[in-house]
Amino acid sequence: MMKILLVTYTPREESNTAKLVQAYIDEVGDKQNITHLDLVKTPAPLLLEENLNALIKRNFMGMALSEGERSAVESADLLVQQLLAADRIVLAFPMYNLSLPATVKAWFDAIIQIGKTFTIGESGYQGLCQGKKALILMTCGGDFTEEPMVSMNHATPLAESLMGFMGIESESIIAHGLNQYVDRVEQIVSQAQQNVVAYIHQNT
Ligand SMILES: Cc1cc2nc3c(=O)[nH]c(=O)nc-3n(C[C@H](O)[C@H](O)[C@H](O)COP(=O)(O)O)c2cc1C
């Protein structure tokens, strides 16, 4: 049985991204295997003074942490454990300002930890999460399918690079133009939902 980690950030009422997530949940037969991390309700910790310095001390310098420092990194460590326990990851978010919403970047910042999800060896960086696969679901207001817009999408390429950095193969399904093609929103969302269903059939 594949364990699925569903990571979502869909704060808007009537969110179209949430409709793609729902299509995924509906199509996956056994919902028991899905762990849902809702970044709206439980955001990942930002890297700030206390936790960042504790992470550097422990992960890069191999030093023991005080009780206070241990508790400062606990929430990030729990997110790492959650990721490591999953075989499949589904990450869903809308494009914000040409990139990942800050909450999603904070999740990556929490889980990308040396010695846990990646390492540095003789030949350079190496992901430690081989064998996992990720599906990235994104909706955006503009249409990023043709240049010069393709190069302005810093969201899914970044998410795929960060997954790859951890050794996780990933694929993105994007619903483009939801604010641009206002009379075709339902059709665009429905096509993306069909792509989600097709992805599940190809990847089980
Ligand atoms: C704060 C904010 C920033 C946004 N920035 C962009 C953007 O840079 N490019 C874009 O195409 N759409 C942008 N949008 C539009 C959303 O990506 C788009 O409407 C998306 O489908 C919203 O998803 P949702 O329905 O799940 O909330 C932005 C929306 C918000 C609220």
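Note that this is a predicted model, so its numbers are computed, not measured. (Residues numbered from 1 in each chain as written. Predicted model: local features only at pLDDT ≥ 70, side-chain atom pairs only at ≥ 80, totals over all residues. Heavy atoms only, no water.)

**So, the packing of helix α2 (residues 49-60) against helix α3 (residues 67-84)**
The cut-off we apply is this: With axes taken as lines fitted to C-alpha atoms, and helix axes fitted only over the stretch in contact, angles between N-to-C directions fall between 0 and 180 degrees. Secondary structure counts use DSSP, requiring at least four H or I residues in a row for a helix and at least two E residues in a row for a strand, with both numbered from the N terminus. Roughly parallel covers angles under 35 degrees, roughly antiparallel covers those over 145, roughly perpendicular covers 65 to 115, and oblique covers all other angles. Should any heavy atoms of two residues lie within 4.5 Å, those residues are counted as being in contact. Note on residue classes: Ala, Val, Leu, Ile, Met, Phe, Trp, Tyr, Cys and Pro are nonpolar, Asp, Glu, Lys and Arg are charged, and everything else, Gly too, is polar.
For the pair α2 and α3, interaxial distance at closest approach is 9 Å and the crossing angle is 95°. With respect to α3, the axis of α2 lies roughly perpendicular. Of α3, the residues touching α2 (which contributes Glu50, Asn51, Ala54, Leu55, Lys57 and Arg58) are Gly68, Glu69, Ala72, Val73 and Asp77. When grouped by side-chain class, the residues that make up the contact of α2 with α3 number four nonpolar, two polar and five charged.

**What to know about the site of the ligand**
Put simply, the test is: Any residue with a heavy atom positioned within 4 Å of a molecule or strand is treated as near that molecule or strand. Whenever two N or O atoms come within 3.5 Å, that pair is a polar contact, provided that in protein one can donate a hydrogen and the other can accept it, and provided that, for residues adjacent in sequence, both atoms are side-chain atoms. All accessible-area figures derive from a Shrake-Rupley calculation using a 1.4 Å probe, and residue coverage is judged against the displayed protein chains alone.
Surrounding the ligand, one finds 16 residues, the nearest of these being Ser15, Thr17, Met95, Thr139 and Gly142. With respect to the ligand, the backbone of Gly141 contributes an N or O atom lying 3.1 Å from a nitrogen atom. A distance of 2.7 Å separates an oxygen atom of the ligand from a polar atom in the backbone of Gly142. For the ligand, the protein covers 74% of the area, taking 630 Å² as the surface of the free molecule.

**Quick word on the UniProt feature "binding site: FMN" (unreviewed entry) in the protein chain**
What counts is decided by this rule: UniProt positions are given in the numbering used here, feature names are shortened, and annotations may be inferred rather than shown by experiment. Accessibility here uses a 1.4 Å probe with only protein chains present; expressed as a share of the type maximum, an area under 20% marks a residue as buried, one over 50% as exposed, and anything in between as partly exposed.
Sequence positions flagged by UniProt for "binding site: FMN" (unreviewed entry) are, in local numbering, Met95, Tyr96, Asn97, Leu98, Thr139, Cys140, Gly141 and Gly142. These annotated residues cover 48 residues of sequence, but their C-alpha atoms sit close together, with the largest distance between any two at 12.4 Å. Residue placement: Cys140 occurs in the loop between β6 (133-139) and α5 (156-165). Judged by its relative accessible area of 3%, Cys140 falls in the buried class. Each residue touching Cys140, except ones within four places of it in the same chain, is listed here: Met95, Ile174, Ala175, His176, Gly177, Leu178 and Asn179. Take Gly142: it is sitting in the loop between β6 and α5. Overall, Gly142 belongs to the buried group, its relative accessible area being 18%. Beyond its immediate sequence surroundings of up to four residues, Gly142 is in contact with His176, Gly177 and Gln180.

**Looking at the nonpolar core**
We count it as follows: The definition of a nonpolar core used throughout is a set of buried Ala, Val, Leu, Ile, Met, Phe, Trp, Tyr and Cys residues joined through side-chain atoms within 4.5 Å.
Judged by nonpolar contacts, the single largest core of 37 residues is most densely connected at Phe93, Trp107, Phe108 and Met163. Breaking this core down by element, the ones donating at least two residues are β1 (4-8), α3, β3 (88-94), α4 (102-111), β6 and α5. If you tally residues by element for this core, the top one is α4, at six residues. Excluding residues within four positions of it along the chain, Met163 makes contact with Ile89, Leu91, Trp107, Phe108, Ala134, Ile136, Ile168 and Ser170. Counting residues in each nonpolar core, the second largest holds 22 residues, with Leu6, Leu20, Val185 and Val189 among its members.

**Some remarks on unusual backbone geometry**
Cis geometry marks the peptide bond from Glu147 to Pro148; its omega dihedral reads 10°. When you line up the elements, Pro148 lands in the loop between β6 and α5. Phi angles above zero are rare outside glycine, and Glu14 is one such case at about 65°. Within the secondary structure, Glu14 sits in the loop between β1 and α1 (16-27). Since its relative accessible area comes to 65%, Glu14 is described here as exposed. For Asn97, which is not glycine, the phi dihedral falls at a positive 50°.

**With respect to the sheet that holds strand β7 (residues 169-175)**
Applied cut-off: For two strands to be treated as a pair, DSSP must find at least two bridges joining them.
With parallel pairing, five strands are arranged side by side in an open sheet as β2-β1-β3-β6-β7. The open sheet has two free edges, formed respectively by β2 (34-38) and β7, since each of these has just one partner strand. Adjacent strand axes in the sheet meet at a mean angle of 15°, parallel and antiparallel pairs treated alike. The pairing of β1 with β3 spans five bridges and is classified as parallel. Looking at β3, one finds that Val7 is bridged to Leu91.

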